[in-house]
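# Residue-level structure breakdown
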Amino acid sequence: MTAHLLAIAIGPVQDFIAAARRTRDLWFGSYLLSEISKAAAKVIDEAGGQLIFPAPPAKGDLTRDSGLSVANVILAELGVGLSSDRVQELAELAEKETRKIWKFYADAAKAEANSLINQNIWNEQVTDVIEFYAAWTPLNSPAQYPESRRRVMRLLAGRKACRDFIPAKGRSGVPKSSLDGARETVLIPKDQRKDILSEPLNRSLAQRLRLSPGEELDVIGLTKRAATRETFASVVRVAADPWIRGIEKDGGETADRLRQIADQCRLESRSDDVEAFATGTGMHHYQGIFPYDGSILYHSRLQSMIRASNNDHRVIGDFEGLLLSKDLPKLTEIKSLLEKLQKAPPDGLGYGEPETYLAVLVADGDRMGKAIAEIVSAEKHRLFSVQLATFAGEAKKIIEDDHSGCLVYSGGDDVLAFVPVDRCLDCARALHDRFADLMSSTKDLGIEAPPTLSVGLAIGHCMEAMEDLLEYGRAAEKAAKEPNRDGLAVHLYPRGGPPIEIHKPWSENLDVRLKKWAEMHRTNQIPDKAAYDLRELARQYTAWSVATPDQKEDLTKALRGDALRLIKRKRGNRGDAGLSDLEGLLGVVHSAEEIHDVANEVILSRRIAAAERQAEGRQSPGDTQEVGE
Amino acid sequence: MKQYLTLTPRDPIIARDGRPFGVGQGHRMRSLDWPYPSVLSGSLRTLLGKMAGGSFTPEIVNRLKEIEIAGPFPLANNQVYFPAPKDLVIWEDEQEKGSHRKRKIMPLRPLPLAEGEKVCDLPDGLLPVSVTEDLKPSKSPAFWSHERICWWLANAHGKDFSVPPREGNCEEGFFDAPLKDERIHVKIEPTSGAAEESQLFMTVGLDLSSKGLSPDIGLVARVDAGNGFVKQIESLNTFHPLGGERRLVHWQKTKSPTWDPPDKLRELLSKTPLVRLVLATPALFKDGWKPGWLDGNLEGLLPGTSIRLRLVSACIDRWKPISGWSLEVGNVGPKPVRRMVPAGSVYFFERKEGDPAMISERCWLQSVSDENQDRRDGFGLALWGIWDYAGHVEGGR
């Protein structure tokens, strides 16, 4: 008997990860899929299999809730002595375990929200969620590892080409899930729901589920919502973070005021923080001065909460429906504290409203498949996987501890996170560099060109729908990989107007330039209109056709001359010292497209500068300006 | 009697997915990539019912439901287009950097295994397809012309086939999925005619007018009404809504476009022991992924024929949900969700007995779905071709 390689893929990825309305759904869905995959890996490990991917760095990493995040693909080596039938049995055991773990979380959700669940529909759906695909092949000798690994992964791809499924037990008259419409809702009709959620005993459940009126959830959606009591930072909180950090940095009376707002968020009448009326940020995020959602820091949102708490006809079940008239004094108090912080002097401290934009960071390793194909043994592949797991762990630290972000998912070479705009460039660079560091050691494993990391940053408004923000992030990641990977893409999606999309290879230091332009904006060394005029200039030159190389050279000279003249005419508030960098760049451009790119960089960096300015803290009165696009 | 219709959309067509829409239920109507067959059959039956007097009595409704409808398919330059088949992967060779990476095809064909050999957890008796490259699929057109797809169906191994381009182009016989047209609307307060505050909503339509490349793109459908609506169809030349939001389409009787298999493919099909089924529309089967006419050993009689087939392998994308809103008297409300095998999915069969010539005569673009009403609604229409095991250069296994 020979050894075997076993490869497994687990899903449904889309339902667990992509279908999400809130950061918490997204985070917990990713967590669930990782826990389910980990459970399958643990079965194989305990049966004597040697895991190749994932390769947990420490003993105990495969236990439930260990903190290790894994991808939904497993590759393992099964020792000599197992027949092919036994390999199949082991795959079946792993599959059973994935269903067991899924059921564990689904049961937890059911226990939490039992009074809101249609039991029949729930029971029909709960057993038909997990998708599991497995393939195996003999490994006749260690020397044949590369060939066998390639074969097993291709067999798995061939197996996944046939996604067999059982028919749905659909029900007429029952609405479908609001997240993807693929299954019926497991919630009881909304009128009955409303009655249950309006009972005082169920307020904390209503708070946790935060159902919009009419929102419908299937078994996966409700499990993501109710299987854990842990909260997660909202996109609004991430967007507001530079403003909060700025105030924390200034300390003193200013910080005290924000602390007082935070105190008001903690309702005396409700016993613990979980029931605070501004949702918390979870146990791991933003534990400093303001560990709350952040919506109340925006005037318009606060006003609508005040209106809601005054309204007897509110809809129970959605967030604003949880506000009661007894909350009104607290909200009024928050409003007055906030006005003091935000209004311009002499009436207030001049901090303005928090920024409304945040960055969605999506990173992915480049040419991973090619690198893995070069690895000659299972042992070396395992070492490679350990490096990936190490990166996944460090990515959390880089994003959360070093750059004030919130990691949604990091398994292997994939990262998804929300990061405050002022720190997103540094965060992307740190991830890229750390990935390169860890991968540089893989040369010892026989990998000729160690993989690199492409990072997409999409800067979008916190009121955009979650599905749009994710879509923006993925588009940026895709752009970062063009044309030859190892790139950074920064896309800005303004509320009004078309997006600005820039991508460059990391070697061209786009991040350094954007930070430079942002600094110039921050210190008012670059006039706001200059970039728009440059873009208009580029537009005029784009239409100019040239026939001969001489004409082209003349046109380039004229273009440079015009661009430089345009910049020289501009004066920033603090003189034109900072313009020399821009002049240097414009002095060597070759085409109108390049000028267009430079202009876009300058325009985009204004958004970054606005966040940086808030994070700096104390401002002079003239600095509380609005940023437009 | 088979009749053909052209449908010319005046507006982007709304074909929503199953997510609820309404106040508090999300403010977006999201679009499918292409209207499901039931969108067409529902609209056409309503139109014919109105033309026949507009009294939707149970008897009339039953007669309307008996009409067999196939479509809608894109139509350009008098060629019908079909969803791209799933038994190939188009990719770009990473070895060649920059924008001139060479586009290649990896055909997916059943992988022959030794007797009793098992390499994956597919249901017993089913073979995986052979994957011969480690690749990421490249962008490729969503629809292939009748001519292109017939070439592919006649190509047993999938080798030496010209690679579809990145972007659709009707000159070459490819067509991209229609663009999605997003529109923001404002809820109007009916008494004052003014916009209501905070009541914005978005519709997404399939824009079949913006393709630019070919002004002649339309939709085509086949109708077989053996029960008295032939006259109405014959005189059809009118505007009537298709899909949601009452978006208008011009409906007109037309001559038959090229719809049948070419002679070469007929000839190949009449001889082959290895038959390939490509779904031209999504299919509904009572067993989920597997046609109900196959037994536990994956064998069965192809409906309407005496041909016995055994399923060898399949390329099936993940299921797609279909539900909808029933307007039938006494049953108004959300329909139950069902799972479809997506259009373009491919089944590889071995013919055990029966005259294979029947396939092109009786089964071409006929439904292989299980329930009669699903068949009449146009789910599971089949295109047929030949195939061979991966690695075989000539002949069968």
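Residues numbered from 1 in each chain as written. Chains lettered and ligands numbered in written order. Predicted model: local features only at pLDDT ≥ 70, side-chain atom pairs only at ≥ 80, totals over all residues. Heavy atoms only, no water.

### A look at the overall build of chain B
For chain B, the count of helices and strands is seven helices and 22 strands. Taking 397 residues into account, the globule formula puts the C-alpha radius of gyration at 21 Å, and chain B, at 22 Å, falls close to it. Per-residue burial for chain B yields a buried fraction of 55% across its 397 residues. Excluding contacts between residues fewer than 6 apart, the proportion of contacts in chain B whose partners are at least 24 apart in sequence is 73%. (Helix = DSSP H or I, 4+ residues; strand = E, 2+ residues; numbered from the N terminus. Rg over C-alpha atoms; globule rule 2.2 N^0.38 Å. Buried < 20%, exposed > 50% of the residue type's maximum accessible area, 1.4 Å probe, protein only. Contact = heavy atoms within 4.5 Å.)

### Observations regarding the sheet that holds strand S3 (residues 73–78) of chain A
All names here are of chain A. Here we have four strands laid out as an open sheet, ordered S2-S3-S1-S4, and antiparallel in their pairing. Lying at the two open borders of the sheet, with one neighbouring strand each, are strand S2 (50–53) and strand S4 (131–139). Along the sheet, successive strands turn relative to each other by an average axial angle of 25°, direction set aside. Note that strand S1 (residues 3–11) and S3 share six bridges and pair antiparallel. The residue bridging leucine 5 from the neighbouring strand is glutamate 77, located in S3. Taken strand by strand, helix H2 (residues 23–46) contacts S1, S2 and S3, and its axis lies near 160° from that of S1. (Pairing = 2+ DSSP bridges. Axes fitted to C-alpha atoms, helices over the stretch in contact; angles between N-to-C directions.)

### Looking at the packing of helix H11 (residues 299–309) of chain A against helix H12 (residues 328–342) of chain A
Residues and elements named next belong to chain A. Packing of H11 against H12 brings their axes to within 9 Å, and their N-to-C directions diverge by 160°. Here H12 runs roughly antiparallel to H11, going by the angle between their axes. Classified by chirality, the crossing of H12 by H11 is left-handed. On H12, the residues that touch His299, Leu302, Gln303, Met305, Ile306 and Ser309 of H11 are Leu328, Leu331, Ile334, Lys335 and Leu338. Classifying every residue of the contact of H11 with H12 gives seven nonpolar, three polar and one charged. (Parallel < 35°, antiparallel > 145°, perpendicular 65-115°, else oblique. Left-handed = near helix turned anticlockwise from the far one by under 90°. Nonpolar A, V, L, I, M, F, W, Y, C, P; charged D, E, K, R; others polar.)

### A closer look at the interface of chain A and chain B
With 55 residues of chain A at the interface, the matching set in chain B holds 48 residues. By the criterion of area lost to chain B, the three top residues of chain A are Arg154(A), Phe165(A) and Lys176(A), representing 17% of everything that side buries. The interface formed by chain A and chain B holds nine salt bridges in total. The partner of Arg318(B) in a salt bridge is Asp15(A), with the nearest N and O atoms 3.3 Å apart. (Buried area = accessible area lost by both parts, 1.4 Å probe. Salt bridge = Lys/Arg side-chain N within 4 Å of Asp/Glu carboxyl O.)

### Some thoughts on the layout of surface pockets
All names here are of chain A. The calculated volume of the second largest pocket comes to roughly 690 Å³. For the lining of the second largest pocket, the elements supplying multiple residues, two or more each, are H2, helix H3 (84–113), helix H14 (378–402) and strand S6 (406–411). By residue number, the principal contributor to the lining of the second largest pocket is H2, which donates six residues. For the lining of the second largest pocket, a count of residues per class yields 15 nonpolar, 12 polar and six charged. (1 Å grid on protein atoms, 1.4 Å probe; cavity = no way out; pocket = protein on both sides within 12 Å on 5 of 7 lines; lining within 4 Å. Points joined across faces, edges and corners; volume = space filled by probe spheres on them.)

### Observations concerning the sheet that holds strand S11 (residues 218–224) of chain B
Residue and element names in this part refer to chain B. Strand order in the open sheet formed by eight strands is S8-S7-S4-S3-S11-S1-S13-S12, with antiparallel pairing between adjacent strands. The outermost strands of the open sheet, each flanked by one partner alone, are strand S8 (174–175) and strand S12 (237–241). With six bridges connecting them, strand S1 (residues 2–9) and strand S13 (residues 248–254) associate as antiparallel partners. What sits directly across from leucine 7, in S13, is tryptophan 251. The strands touched by helix H3 (residues 146–154) within the sheet are strand S4 (79–83), strand S7 (143–145) and S8, with S7 carrying the most contacts at an inclination of about 90°.

### A few points about the packing of aromatic side chains
Applying the stated rule across the entire model yields 28 aromatic pairs over all chains. Centroid distance Phe73(B) to Phe82(B): 5.0 Å. Interplanar angle 65°. Geometry classified as edge-to-face. Of the two residues, Phe73(B) and Phe82(B), both sit in the buried class. Of note, Arg237(A) hangs over the ring of Tyr286(A), and the distance from its end group to the ring centre comes to 4.1 Å. A cation over an aromatic ring shows up here: Arg318(B) above the ring of Trp319(B), its NZ or CZ 5.0 Å from the ring centre. (Phe/Tyr/Trp six-rings, centres within 6.5 Å; stacked < 30°, edge-to-face > 60°. Lys NZ or Arg CZ within 6 Å of the ring centre and 35° of its normal.)

### Considering the state of the cysteines
Summed over the entire model, instances satisfying the criterion amount to zero disulfides over all chains. Cys170(B) takes part in no disulfide bond, and the closest cysteine sulfur, belonging to Cys150(B), lies 17 Å away. (Disulfide = S-S within 2.5 Å.)

### So, empty space enclosed by the protein
Scanning the entire structure with this criterion turns up six cavities of 30 Å³ or more. Taken together, 14 residues make up the lining of the largest cavity; nearest its centre are Glu124(A), Gln125(A), Ala168(A), Lys169(A) and Arg339(B). The element that contributes the greatest number of residues to the lining of the largest cavity is helix H4 (residues 119–126) of chain A, accounting for three residues. Split into classes, the residues belonging to the lining of the largest cavity amount to five nonpolar, two polar and seven charged. The computed volume of the second largest cavity comes to approximately 80 Å³. Lining the second largest cavity are 10 residues, and of these Arg24(A), Gln207(A), Arg208(A), Thr231(A) and Thr279(A) sit closest to its centre. When grouped by side-chain class, the residues that make up the lining of the second largest cavity number one nonpolar, three polar and six charged.

### Regarding the pattern of salt bridges
Overall, the coordinates contain 75 salt bridges over all chains when judged by the stated rule. Glu467(A) serves as the salt-bridge partner of Arg28(B), at 3.8 Å between the closest nitrogen and oxygen. Highlighted residues: Arg28(B) in strand S2 (residues 28–29) and Glu467(A) in helix H16 (residues 466–480), drawn from two different chains. Since its relative accessible area comes to 13%, Arg28(B) is described here as buried. The partly exposed category is assigned to Glu467(A), whose relative accessible area is 30%. The residue Arg308(B) makes a salt bridge to Glu299(B) at a minimum N-O spacing of 3.6 Å. It is possible to trace a salt-bridge network through shared partners that takes in Asp15(A), Glu131(A), Arg183(A), Asp218(A) and Arg318(B).

### A short note on H2(A)
All names here are of chain A. Its 24 residues place the ends of H2 34 Å apart at the C-alpha level, agreeing with the 34 Å of an ideal helix rising 1.5 Å per residue. With 20 of 24 residues buried, H2 lies mostly within the body of the structure. Glycine 48 sits one or two positions beyond H2 and adopts a positive phi of about 95°. (Expected span 1.5 Å × (residues − 1).)

### A closer look at the pairing of S4(A)
Residue and element names in this part refer to chain A. Among the nine residues of S4, eight are classified as buried, and the element is accordingly described as predominantly covered. With nine bridges connecting them, S1 and S4 associate as antiparallel partners. Paired with leucine 5 across the two strands is threonine 137, which belongs to S4.

### Examining the confidence of the model for chain B
Taken residue by residue, chain B gives an average pLDDT of 91. The fraction at 70 or more is 94%. Note on the complex model: pTM 0.93, ipTM 0.95. (pLDDT = per-residue confidence, 0-100.)

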